[in-house]
Amino acid sequence: MSQSPVPTHLPLAGRPMRRLFRYLQTYRGAFLFACGSSITNKILDLMPPLLVGWVIDSLRGAPPGWISRLAGTRDPWSLAVVLAGLSVVIFFFESLFEWLYQSAFRDLAQTVQHDLRMDAYNQVQAREISFFEEHRLGEILALLNDDVNQLERFLNTGFNEMLQVGVLFAFSMAVMIPISWQLSLVALFPVPFILWGGITYQRLIAPRYSRVRDGVGALASRLENNIAGIHVIKSFTAERFETERVRQVSEDYRRSNLAAIRYSAAYIPVIRMLIVIGFAGVLLVGSYWVLNGSGILSAGELVLFAMLTERLLWPITRLGTTLDDFERAKASSRRIFGLLDTPSRIAEPAHPIRLGRAQGEIRFDGVSFRYARGRGDEPVLRDLTFRIAPGETLGVAGPTGAGKSTLIKLLLRFYDVDNGTVRLDGHDVRDIPLADLRRNIALVSQEVYLFHGTIRENIAYVNGDAPFAEVERAARLAQLHDFVVSLPQGYDTPVGERGIQLSGGQRQRLSIARAIVKDAPILLLDEATSAVDTETERAIQQALSALTAGRTALIIAHRLSTIRHADRILVLRDGAVVEEGHHDDLLARGGTYADLWQLQSGEVATPPRSTLREPDPLP
Ligand code: ATP
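Analysis parameters
Residues numbered from 1 in each chain as written. Predicted model: local features only at pLDDT ≥ 70, side-chain atom pairs only at ≥ 80, totals over all residues. Heavy atoms only, no water. Helix = DSSP H or I, 4+ residues; strand = E, 2+ residues; numbered from the N terminus. Rg over C-alpha atoms; globule rule 2.2 N^0.38 Å. Buried < 20%, exposed > 50% of the residue type's maximum accessible area, 1.4 Å probe, protein only. Contact = heavy atoms within 4.5 Å. Lys, Arg positive; Asp, Glu negative; His and termini not counted. Charge placed at Lys NZ, Arg CZ, Asp CG, Glu CD. Domains from an automatic or database assignment. Pairing = 2+ DSSP bridges. Axes fitted to C-alpha atoms, helices over the stretch in contact; angles between N-to-C directions. pLDDT = per-residue confidence, 0-100. 1 Å grid on protein atoms, 1.4 Å probe; cavity = no way out; pocket = protein on both sides within 12 Å on 5 of 7 lines; lining within 4 Å. Points joined across faces, edges and corners; volume = space filled by probe spheres on them. Nonpolar A, V, L, I, M, F, W, Y, C, P; charged D, E, K, R; others polar.

**As for the overall build of the chain**
Phase 1: Tallying secondary structure elements over the chain gives 21 helices and twelve strands in all.
Phase 2: Taking 619 residues into account, the globule formula puts the C-alpha radius of gyration at 25 Å, and the chain, at 36 Å, lies well above it.
Phase 3: Among the 619 residues that make up the chain, the fraction classed as buried is 47%.
Phase 4: Of the contacts formed within the chain by residues at least 6 apart in sequence, a portion of 77% connects residues at least 24 apart.
Phase 5: Of the charged side chains in the chain, 66 are positive and 66 negative, and the gap between their average positions amounts to 6 Å.

The following block contains the structure:
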């Protein structure tokens, strides 16, 4: 089985807005309530033009029949008082419904964002390790932060505005057409042009917003990279070099934003000119009809028409901003759903074999593997076969780049093999649920990651409720206890940015303690003691032999003294086993292992050929 092609960009989903609305539908009740409140608010908001029209006609002694019936009089002043009272009631309910729809839409926006953020995070967390190698960290963070937050504006206000423009249009037409369809046509004249302008604008702006989103990702990535690598930057006095690199991505981002802004800023002034045509047209034609007494409409109706036209057309100018929000939300949704649609390439088994506590038998049968990104087609492991019996400790040695760490990554299913099978207790690891597999394995690697929190929390890690005595026992075994109790806050000392910084050796010991608390039947140590001095290592060795007793252990070490007491030692070279046996047998054989041993124990002055370092791994 060959690796899938390597994507360079996060995948994009089709029909993103439909998908977003499906999320909204989960909260159908709240969504309908928000829409209902918004529609009611808009209808009430449109009443003032009607009220003004009725007041004018009432003052001129020609009130609409229903108003005089309601008031029980045709007296202009009494009618004006009734209409003023009505407007107070209307304004009260308009405000009430505004409050209701605003809070309902905001609640919904936050809830949907929360759901999407959690789904996206879980999806990212479940992705295979190569996903994190193929995509820049900043790009992933931009998706989880910026893209999800980008939806807020649209869900808060954008969607509501689209809804209200629809209501406005329907309501205005229902009022205007019965009064005068001719004048309605004049009022509506600019609408097709405004809509055409909106659609053209949307087409032009969409790719520009996509570039803005990409720019955010690239910038976040560069900044993240530089802050993480600040030690290297300073030690190489590379500040100017890095400033220039940041300047370039920031400049690209600025340019892509400018390109988008140029269009979005021009939209409203252009559309406004179209609106003026409709508004002036209604004033002109309507005034002419009122003046020449054609009977088509009254003065009150002309005022109503003019006010409604203004109310109808101006919000359509906002359609630009709303479409803008829509496009931004669409670009973000495309990325979010693109991520959600892409399953991990390390799949859960279709027919899982559940595994309780494993016996710990590990087998590699004819395993071949190459990384998707790496040295072209050259395999890292070639037809590799070996077995570790339950409870056995296997040491793995070999020159750098020989493929030692890759064994561990395949066993943990960080990657899947190209050919052959990795087995645990006789089962193909691809048939064991990932959680069952990884629960059975404790890994201590050279790169130790500490989470924000106290020393105690870091040792207990997932087993947060592990009794303190257990944490302390693990720290003692890992030779960390004395150091911890020498700190003023002891086990409650925070590590990381706000707490103490641990040395490389202390981190390694903490990581060993963490593995002890995990209490898994299989232990993988990858250069786990490389950062401690020989004396500490000797002390840790004792702890490790207590730890490995009764467990299967695979120990990778450059420093051969670490593995000399292993039950068996495997020597890897170019992804294949070149020697295998006990320390003494291997020394007697005089091969690669013996060469390495002689070099490390100072028995030879110059490195034998077999120990020469291979080229550094490709980035
Ligand atoms: P060392 O002793 O230096 O840790 P190793 O024997 O553990 O080396 P591996 O880490 O297994 O070697 O790497 C074997 C080869 O695979 C190296 O050539 C390395 O460049 C390559 N390699 C390792 N990890 C990756 C990766 N994630 N993507 C591409 N190539 C990789």
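**A closer look at the domain arrangement of the chain**
Phase 1: By the assigned domains, the chain splits into domain 1 (17-340) and domain 2 (358-440 + 564-619).
Phase 2: Computed over C-alpha atoms, the centres of domain 1 and domain 2 are 60 Å apart.

**So, the pairing of strand β3 (residues 393-397)**
Phase 1: Across the five residues that make up β3, a large majority, five, are buried.
Phase 2: Residues T393, G395 and A397 of β3 are buried on one face, and the alternating residues L394 and V396, pointing to the opposite face, are buried as well.
Phase 3: When β3 meets strand β10 (residues 552-556), the two strands line up parallel, connected through four bridges. Directly across from L394, in β10, lies its bridge partner L554.
Phase 4: Taken together, the four bridges between β3 and strand β11 (residues 568-573) define a ladder with parallel strand orientation. The partner of V396 across the bridge, within β11, is L570.

**Details of the sheet that holds strand β2 (residues 381-388)**
Phase 1: Pairing within the open sheet is antiparallel, and its four strands lie in the order β2-β1-β4-β5. Two strands in the sheet have a free side with no partner beyond their single neighbour: β2 and β5 (427-428).
Phase 2: Relative to β5, strand β4 (residues 419-424) is paired through two bridges, and the arrangement is antiparallel. Within the sheet, the bridge partner assigned to L424 lies in β5 and is H427.
Phase 3: Against the sheet, helix α13 (residues 404-411) engages β1 (362-369), β2 and β4, with an angle of about 110 degrees to β1.

**Quick notes on the sheet that holds strand β12 (residues 576-581)**
By way of backbone hydrogen bonds, the strands of a sheet pair with one another, either parallel or antiparallel.
Phase 1: Here we have six strands laid out as an open sheet, ordered β6-β9-β10-β3-β11-β12, and mixed in their pairing. Pairing within the sheet leaves two strands with one partner each, and these edge strands are β6 (441-445) and β12. Taking each pair of neighbouring strands and ignoring which way they run, the sheet shows an average axis angle of 15 degrees.
Phase 2: Sheet topology places strand β9 (residues 522-526) next to β10; five bridges connect them, and they run parallel. Looking at the pairing, L523 lines up with A553 of β10.
Phase 3: Packing of α13 onto the sheet brings it into contact with β3, β6, β9, β10 and β11, and relative to β9 it is tilted by some 145 degrees.
Phase 4: Contacting β6 and β9, helix α18 (residues 504-518) crosses the sheet at an angle of about 180 degrees to β6.

**Remarks on the environment of V148**
Phase 1: As for its placement among the helices and strands, V148 is situated in helix α7 (residues 137-179).
Phase 2: According to the relative accessible area criterion, V148 is buried, its value standing at 0%.
Phase 3: Separated by 188 residues in sequence, V148 and I336 have C-alpha atoms that sit 7.5 Å apart.
Phase 4: Dropping the residues within four chain positions of it, V148 is found in contact with Q113, R117, L143 and I336.

**Considerations on the confidence of the model for the chain**
Phase 1: Across the chain, the average pLDDT comes to 85, with 94% of residues at 70 or higher.
Phase 2: When the criterion is pLDDT under 50, residues 1-7 qualifies, and its contacts beyond four places in sequence or with other chains add up to 18 contacts.
Phase 3: The model gives residues 605-619 a pLDDT under 50, and that stretch makes 18 contacts with residues more than four places away or in other chains.

**So, empty space enclosed by the protein**
Phase 1: All chains considered together, the criterion is met by one cavity of 30 Å³ or more.
Phase 2: Of all the secondary-structure elements, those providing two or more residues to the lining of the largest cavity are α19 (534-548) and β10.
Phase 3: Here the residues of the lining of the largest cavity are counted per class, giving six nonpolar, four polar and three charged.

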